[in-house]
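A structural walkthrough
So the chains spell out like this:
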Amino acid sequence: MKMSVNFSKSEKIFLGVFFVAYAIVAFWNFGKVEFPSGVGHIWQIKIPLPSIFGTLNPMTIIMTALLLAILIYIAVDFKKHLRKIPSRKQSAIEMVLSFMYDLVKDVVPAEEFVKPVFYIATTLFLFILFSNLLGGIPGIGIGVSSGGALKLNLFTDTWHSPTGDLNTNVTYAVMVLFISHIFAIKLKGLKEWAKTFISPNPIMLPMNIIGEFAKPISHSLRLFGNIAGGGIMVLMLSYLVKYTFVPVILWGFFGFFVGTIQAFVFSMLAIAYIGVQLEQ
Amino acid sequence: MAELSMAQAVVHAAKYIGAGLAMGLGAIGPAIGEGHIGQGAMESMARQPEMVGTLTTRMLLSQAVAESTGLYSLLIAFMILLI
Amino acid sequence: MAGSFVNFNGTSILQLMSFFILMYFLIKFLYRPFLNIIDKRTEEIKGEYEKADKAHKEAEELRKKAKIELEKLNERINQMYEEAKSRVSEYEKKEKARVQFEVEAIMKRARNEIEEERTRAEETLRANVITLAVALASRIIQKDIDEKSKREFLMDQLSKVRDGR
């Protein structure tokens, strides 16, 4: 497989300016940041709501909003330039979508659930993919120092990835679990669905329930571990080289390679979980 | 660094030891698992060279799944170390 | 305010909401148009194939028809050729016969004429010979010459007669 990347002139200018700015900031950052300061801690704010819902992670919210804007812009652009004979951009998007569609079609046995599962899985895939890719680019973010005071991370960290926050992953994993069971109830009826818990015999009931609960835990923690762990690893390694150029490659590895695979794994597992529940 | 009491010092030392053990022992499982996956993929690639593309994708996928236990231990190590 | 990076709080609700917002917009702008255009493309290709099949069949039929027509035409041409050939040969024979007849007639006439000429010439010669012989005799009688000159004169007259013939 041969791949070639072509940049237009404006993209070249943008990339050039970006790397020059990155070099300047890297030089400015040189040796400035102490290592354990704030690593493993994030910025949170309190709002007047009871119990655990009273705290929010502002960086996650901001980056999610940004990602939503980017994705919706891409979607609107896709619809605007939709042609029967596709352009290069359109055929690339179509390739990804048809790949996901074929995957869903192979796994999900019930014909009428193919489209909803396709919608859910592809949305998950796109959101997580873009979020992980954003986590592979050095960027600007707000972190906290060890004392608890806020500080501005100027290219000493990647963009804050929403999937590097456990909230996102757990929410999506639990959502997939609920959706799979809702679809199963819709397809089989309540009685048949309840029977799956005591199959092959009633002794297996606790095992089945534990199995169902284990699904979202492993599902969410896999992604979270990859992205958050990778982020901290990269932070440590880039501290070792005093924030010079080398981390770009590490960021690229953890962000692009692992990020793409994990996004695919997450959506693939979501399809598989839903597909297993939809089997007659 | 501020002066630490004996108890605090013991906790600090235990943190580092625990994190190291968690990471080191936790890496064994995924390493063996990924090795097996890689072996299987290589063997099947040698048997059916025309399937290399599909097998590579599947191999990466299953390795990513097998690696998750290692990442759990990485996470635990960070949690012990940093929080 | 700082918190641990492993946490679970109110952000999750916002993330759930954002997921459904994203899904709504993506369904509206990305998935539906994509599925529609794929369906349309499939339909179109199917239609094109059917059209091509139909055209192919039609062409096949036309070809068959044309083949039959051509065969018929060939047959007719052959027939006409044969006819023409036979007619030509008949005409040729007739013509040949006619020409031969004419030639024979001309030749006959010529032969007759020659014969006539000959008989006439012979007659004239005979008449001439007679007159010549009479004249010769009269001259021999009239003239008084020696044996030798007589003989010479005779020979000369004879050769004259031979030449004159």
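Residues numbered from 1 in each chain as written. Chains lettered and ligands numbered in written order. Predicted model: local features only at pLDDT ≥ 70, side-chain atom pairs only at ≥ 80, totals over all residues. Heavy atoms only, no water.

1. Brief notes about the overall build of chain A
The condition that has to hold: Numbering of helices and strands starts at the N terminus; helices are DSSP runs of H or I of at least 4 residues and strands are runs of E of at least 2. A 1.4 Å probe rolled over the protein chains alone gives each residue an accessible area, and that area as a share of the maximum for its type sets the label: buried under 20%, exposed over 50%, partly exposed in between. The criterion used for residue contact is that any of the two residues' heavy atoms lie within 4.5 Å. Surface accessibility follows the Shrake-Rupley procedure with a 1.4 Å probe radius. Residue values consider only the protein chains on display as shielding.
Broken down by element type, chain A carries eight helices and five strands. What you see in chain A, going N to C, is helices and strands ordered as α-β-β-β-α-α-α-β-β-α-α-α-α. The principal-axis extents of the C-alpha atoms in chain A amount to approximately 65 × 55 × 35 Å. Within chain A, the fraction of its 280 residues that count as buried is 47%. Here the contacts in chain A between residues at least 6 apart in sequence split such that 69% fall between residues at least 24 apart. As displayed, chain A offers around 14,400 Å² of accessible surface, 73% of which is attributable to carbon and sulfur atoms.

2. Examining the pattern of salt bridges
A side chain of one charge can pair with a side chain of the opposite charge when the charged atoms of the two come close. The condition that has to hold: Here, a salt bridge means any Lys or Arg side-chain nitrogen found within 4 Å of an Asp or Glu carboxyl oxygen.
Under the criterion given, the structure shown has 12 salt bridges over all chains. The closest approach of N and O atoms between Glu44(C) and Lys84(A), which form a salt bridge, is 3.1 Å. With one member in each of two chains, Glu44(C) in helix 1 (residues 11-142) and Lys84(A) in the loop between helix 2 (58-80) and helix 3 (88-107) form a pair that bridges those chains. For Lys84(A), a relative accessible area of 39% gives the class partly exposed. With a shortest N-O distance of 3.8 Å, Lys195(A) and Glu192(A) are connected by a salt bridge. With Lys195(A) and Glu192(A) both in helix 6 (residues 190-195) and three residues apart, the pair spans about one turn of that helix.

3. As for the side chain of Gln15(C)
Formally: Nitrogen and oxygen atoms within 3.5 Å of one another constitute a polar contact, given that in protein one can donate a hydrogen and the other can accept it, and given that sequence-neighbouring residues count only through two side-chain atoms.
Checked against the element boundaries, Gln15(C) lands in helix 1. In terms of polar contacts, Gln15(C) uses its side chain to reach the side chain of Thr64(A), at 3.0 Å. Beyond its immediate sequence surroundings of up to four residues, Gln15(C) is in contact with Thr60(A), Thr64(A), Phe127(A), Thr168(A), Thr171(A) and Tyr172(A).

4. Structural notes on a nonpolar patch on the surface
Spelled out, the test is: The patches reported here contain residues having more than 30% relative accessible area and no salt bridge. Joining distances are 9 Å for like charges and 5 Å for nonpolar side chains (Val, Leu, Ile, Met, Phe, Trp, Tyr).
On the surface, a nonpolar cluster with roughly 670 Å² of combined accessible area is contributed by Leu49(A), Ile52(A), Phe53(A), Phe8(C), Ile13(C), Leu14(C), Met17(C) and Ile21(C). Note that Leu14(C) resides in helix 1.

5. A look at the confidence of the model for chain B
Applicable threshold: A residue's pLDDT is the confidence the predictor assigns to it, expressed on a 0 to 100 scale.
Counting all residues, the mean pLDDT for chain B is 88, and 98% of those residues have values of 70 or more. When mean pLDDT is taken per element in chain B, helix 2 (residues 28-47) of chain B scores highest with 94 and helix 3 (residues 52-82) of chain B scores lowest with 86.

6. With respect to the interface of chain A and chain C
Just so we agree on the cut-off: Throughout, buried area stands for the accessible area (probe radius 1.4 Å) lost by two parts on being put together, summed over both.
Opposite the 53 residues of chain A that make contact, chain C presents 37 residues. Buried area between chain A and chain C, summed over both chains or domains, comes out near 4,300 Å², and the portion from carbon and sulfur atoms is 73%. On the surface where chain A and chain C come into contact, there are two salt bridges. One can count 11 residue pairs in polar contact (both at pLDDT 80 or more) joining chain A with chain C. Taken together, the elements giving at least two residues each to the side of chain A that touches chain C come down to strand 1 (41-43), strand 3 (55-56), helix 2, helix 3, helix 4 (114-134), helix 5 (166-188) and helix 7 (205-240) of chain A.

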